[in-house]
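Architecture at a glance
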Amino acid sequence: EKAGYEHFMMKEIHEQPKVVGDTINSVVKENFIDLTDIGLSEEDIKKISQMYIVACGSAYHVGIAAQYVIEDLAKIPVRVELGSEFRYRKPLLDKNGLVVVISQSGETADSLAALREAKEKGVRTLGIVNVVGSSIAREADSVFYTLAGPEIAVATTKAYSTQLVATYALAIQFAKVREEISEERYVELIREIKTLPEKIEKILKDKERIQWFASKQVNAHDVFFVGRGIDYAICMEGSLKMKEISYIHSEAYAAGELKHGTISLIEDDILVVGVLTQSELYEKTISNMLECKSRGAYLMGLTTFGRYDIEDTVDFTVYIPKTDPLFATSLAVIPLQLLGYYISVAKGLDVDKPRNLAKSVTVE
Ligand code: F6R
């Protein structure tokens, strides 16, 4: 069942090129995107005044990354909310808004309640769901099915990655229909999204390097993931993987926010992982990392091939292939999944079934 892998999580990490490709191919055709099966017409798309993305856990982190991509391309204001907060906040929803609920299982109680809340208010809903026929899939007005296949490991990897590319496809097509991007940019984005599976595959080939690094981190007790913009969204997911399967306390911080308090926690040998995929934010994040280094932190940097000057600053570097900066999350998350995985294995923990967690959270 584990197809020769030691754990479901590793098997699922390796399925990512395939399932990300399948999810892309379900809507991205030769040189255009077709959302008609999902039930979103051009008219529907033109009408959207505001988007609300509601989800929990890793799916919420997808929402944070998607917010940057959708606002950048489609110029639709996006608000991202935790399912457990949205429903009790008495949200003010625009009647031409679109509420997008992202959920692998389609059964997460808080996400489902948020969907019902939106429907009750007469606002259109779209589910990005993996499990066919699940509650959220049944109740949403439209459904974008991610094609991750069954995910067994409690910590999500492949479902997360398919959710991300689903949001990219929406962003690109919304931008096109609303005439926010040129035909050239549209074709370029479509070409680029199709290269993501092979780039993920390339990162997986280098996994031993992460395994080696992980073996040195088994005694870590605090890890800080720092980044700006989309890189901050990646940090949130990297940090959750670290906590949930390696049982190491970690935090994701917007790099510029460190100096507003948290930097007092940085001391000798604390691991700080900087994510630097956005070139216009690179120097800013580097300077925040240097502030950590001068307080004794050990630095890991995650950046794109070509940015070799990072080695002047950090102690250990992981490079990912170049892509459009808007799609960087899909690549940068892979080494962070591997890092959490390998530390967990090195500590002898139950990777696929971490303590206190269930695959689908059907209680509030
Ligand atoms: C973390 C993880 C959880 C889920 C969250 C939402 O690895 O798997 O944070 O992302 O419980 O679950 P779904 O997507 O089923 O609504």
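Before any of the text, the structure's been laid out above.
Structure report, in brief.

Conventions and cut-offs
- Residues numbered from 1 in each chain as written.
- Predicted model: local features only at pLDDT ≥ 70, side-chain atom pairs only at ≥ 80, totals over all residues.
- Heavy atoms only, no water.
- Helix = DSSP H or I, 4+ residues; strand = E, 2+ residues; numbered from the N terminus.
- Buried < 20%, exposed > 50% of the residue type's maximum accessible area, 1.4 Å probe, protein only.
- Polar contact = N/O pair within 3.5 Å; in protein donor to acceptor, adjacent residues only side chain to side chain.
- Contact = heavy atoms within 4.5 Å.
- Expected span 1.5 Å × (residues − 1).
- Pairing = 2+ DSSP bridges.
- Axes fitted to C-alpha atoms, helices over the stretch in contact; angles between N-to-C directions.
- Core = buried A, V, L, I, M, F, W, Y, C linked by side-chain atoms within 4.5 Å.
- Disulfide = S-S within 2.5 Å.
- Near = heavy atom within 4 Å.
- Nonpolar A, V, L, I, M, F, W, Y, C, P; charged D, E, K, R; others polar.

**Here's the deal with the side chain of Glu81**
- Tracing the backbone through its elements, the reader meets Glu81 in strand 2 (residues 78-82).
- Glu81 sits in the buried class, given a relative accessible area of 7%.
- A distance of 3.4 Å separates polar atoms of two side chains, one belonging to Glu81 and the other to Arg79.
- Not counting chain neighbours up to four residues away, the residues in contact with Glu81 comprise Ile53, Val54, Ala55, Tyr60, Phe86 and Arg89.

**As for helix 8 (residues 158-177)**
- Taking 1.5 Å of rise per residue, 20 residues should cover 28 Å, and helix 8 covers 29 Å from first to last C-alpha, within 8% of that figure.
- Most of helix 8 sits out of view: 19 of its 20 residues are buried.
- Looking one or two residues past helix 8, Glu179 carries a phi angle of roughly 55 degrees, positive in sign.

**Side note on the sheet that holds strand 4 (residues 124-129)**
- Across the sheet, five strands lie side by side as 2-1-3-4-5; this open sheet has parallel pairing. Edge positions in the sheet fall to strand 2 and strand 5 (142-145), since each has one partner strand and no second. Neighbouring strand axes in the sheet, compared pairwise and without regard to direction, differ in orientation by 20 degrees on average.
- Of the pairings in the sheet, the one linking strand 1 (residues 51-55) to strand 3 (residues 98-103) comprises four bridges and is parallel in character.

**Focus: the nonpolar core**
- Grouped together as the largest cluster of nonpolar side chains are 95 residues, with contacts concentrated most on Leu35, Met51, Ile70, Leu73, Phe144, Phe174 and Met300.
- A per-element tally of this core places helix 8 first, with twelve residues.
- In contact with Ile70, other than residues within four places in its own chain, are Met51, Ile53, Lys75, Ile76, Val78 and Ala171.
- Counting 18 residues, the second-largest nonpolar core is a separate cluster that includes Leu258, Ile263, Val272 and Leu299.

**What about the state of the cysteines?**
- The tally for this structure, following the rule as stated, stands at zero disulfides.
- The cysteine Cys292 is free of any disulfide, with Cys235 supplying the nearest cysteine sulfur at 12 Å.

**Quick word on the site of the ligand**
- Near the ligand there are 14 residues, and of these Ser103, Gln104, Ser105, Thr108 and Glu244 occur at the shortest range.
- At 2.6 Å, a side-chain N or O of Ser103 approaches an oxygen atom of the ligand.
- Contact distances for the ligand include 3.1 Å between an oxygen atom and a side-chain N or O atom of Lys241.
- For the shell around the ligand, the elements supplying multiple residues, two or more each, are helix 4 (57-74) and helix 12 (230-246).
- In terms of residue class, the shell around the ligand is built from five nonpolar, seven polar and two charged.

**With respect to the pairing of strand 6 (residues 222-227)**
- A large share of strand 6 lies buried, amounting to five of its six residues.
- Pairing of strand 6 with strand 7 (residues 249-254), which is carried by six bridges, proceeds in the parallel orientation. For Asp222, the partnering residue across the bridge sits in strand 7 and is His249.
- Pairing between strand 6 and strand 8 (residues 271-276): four bridges, direction parallel.

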